[in-house]
Amino acid sequence: GEDVEQSLFLSVREGDSSVINCTYTDSSSTYLYWYKQEPGAGLQLLTYIFSNMDMKQDQRLTVLLNKKDKHLSLRIADTQTGDSAIYFCAEMGANNLFFGTGTRLTVIP
Amino acid sequence: DSGVTQTPKHLITATGQRVTLRCSPRSGDLSVYWYQQSLDQGLQFLIQYYNGEERAKGNILERFSAQQFPDLHSELNLSSLELGDSALYFCASSVEGGGAFEQYFGPGTRLTVT
């Protein structure tokens, strides 16, 4: 079955760039996603990338996809304290999403 | 605000009891998905409904069931509750039935079983 792996924690200083990494197993996934979960809140869809793309940029967010290595990353430029949250990568299955364990991003002022 | 609503926000109940969680999808969305988020299992897909019919099943226990009504809202029923059922239950919705293209999540219902 699908298996999505992420590192559990990341700390960065305010103003620096954050890079959150993810590996997945299902090479047939057509879409890959990044969701953000703030404390006590639901999951917010941040961005997604179609599997035939290598990169997608959306304001401060850059998604890189290496399909050969099944590696996905999310770069947040100029990280702010409001970016502190858990970030989940997910791959699309036939009918649902398969989520990674989530990476807790802590931004140090 | 994703447009997906869930009630109640919090629920505390005892082992052996039965509860019902409710979800209203975004306007125009036909698909509803239920997910469970727990510390040990992470985020797991439970079940999907599309326009009133069950479309896909994930790791849903037999003690759990769901349905989607003609007005497209959905209910997740959890019975014979155990301590291990304590978790956050999320509902998500999307326009399409297959492909799960863009799913929008509700704020969740936190269930505590004592």
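The following paragraphs examine the structure supplied in this document. Owing to the predicted nature of the structure, the values given are computational and were not obtained by experimental measurement. (Residues numbered from 1 in each chain as written. Chains lettered and ligands numbered in written order. Predicted model: local features only at pLDDT ≥ 70, side-chain atom pairs only at ≥ 80, totals over all residues. Heavy atoms only, no water.)

**Describing the packing of aromatic side chains**
Next, step 1: A full pass over the atoms with the stated rule returns 14 aromatic pairs over all chains.
Next, step 2: Between Tyr33 of chain A and Tyr48 of chain A, the ring centres sit 6.1 Å apart and the planes meet at 45 degrees, which makes this aromatic pair tilted. One end of the pair, Tyr33 of chain A, is in strand S4 (residues 31–37); the other, Tyr48 of chain A, is in strand S5 (residues 43–50), and 15 residues separate them in sequence.
Next, step 3: Residue Tyr33 of chain A is classed as buried on the basis of its relative accessible area, which comes to 0%.
Next, step 4: The rings of Tyr31, Tyr33, Tyr35, Tyr48, Phe50, Phe88 and Phe99 of chain A together with Tyr35, Phe45, Phe90 and Phe105 of chain B are connected pair by pair, giving a single aromatic cluster.
Next, step 5: The cationic tip of Lys56 of chain A hangs over the ring face of Tyr48 of chain A; the distance from NZ or CZ to the ring centre is 4.1 Å. (Phe/Tyr/Trp six-rings, centres within 6.5 Å; stacked < 30°, edge-to-face > 60°. Helix = DSSP H or I, 4+ residues; strand = E, 2+ residues; numbered from the N terminus. Buried < 20%, exposed > 50% of the residue type's maximum accessible area, 1.4 Å probe, protein only. Lys NZ or Arg CZ within 6 Å of the ring centre and 35° of its normal.)

**Side note on the pairing of S4 of chain A**
Residues and elements named next belong to chain A.
Next, step 1: Counting buried residues along S4, seven of its seven residues qualify, which places the element largely inside the surrounding structure.
Next, step 2: Where S4 meets S5, seven bridges bridge the pair, whose relative direction is antiparallel. Bridge pairing in S5 links Tyr31 to Phe50.
Next, step 3: Here S4 folds back onto S5, and the loop between the two strands holds five residues, one of which, Gly40, carries a positive phi near 70 degrees.
Next, step 4: Pairing analysis gives six bridges linking S4 to strand S9 (residues 85–92), with the strands arranged antiparallel. Its bridge partner lying in S9, Trp34 is registered against Cys89. (Pairing = 2+ DSSP bridges.)

Interpretation in functional terms is not warranted from these geometric data alone.
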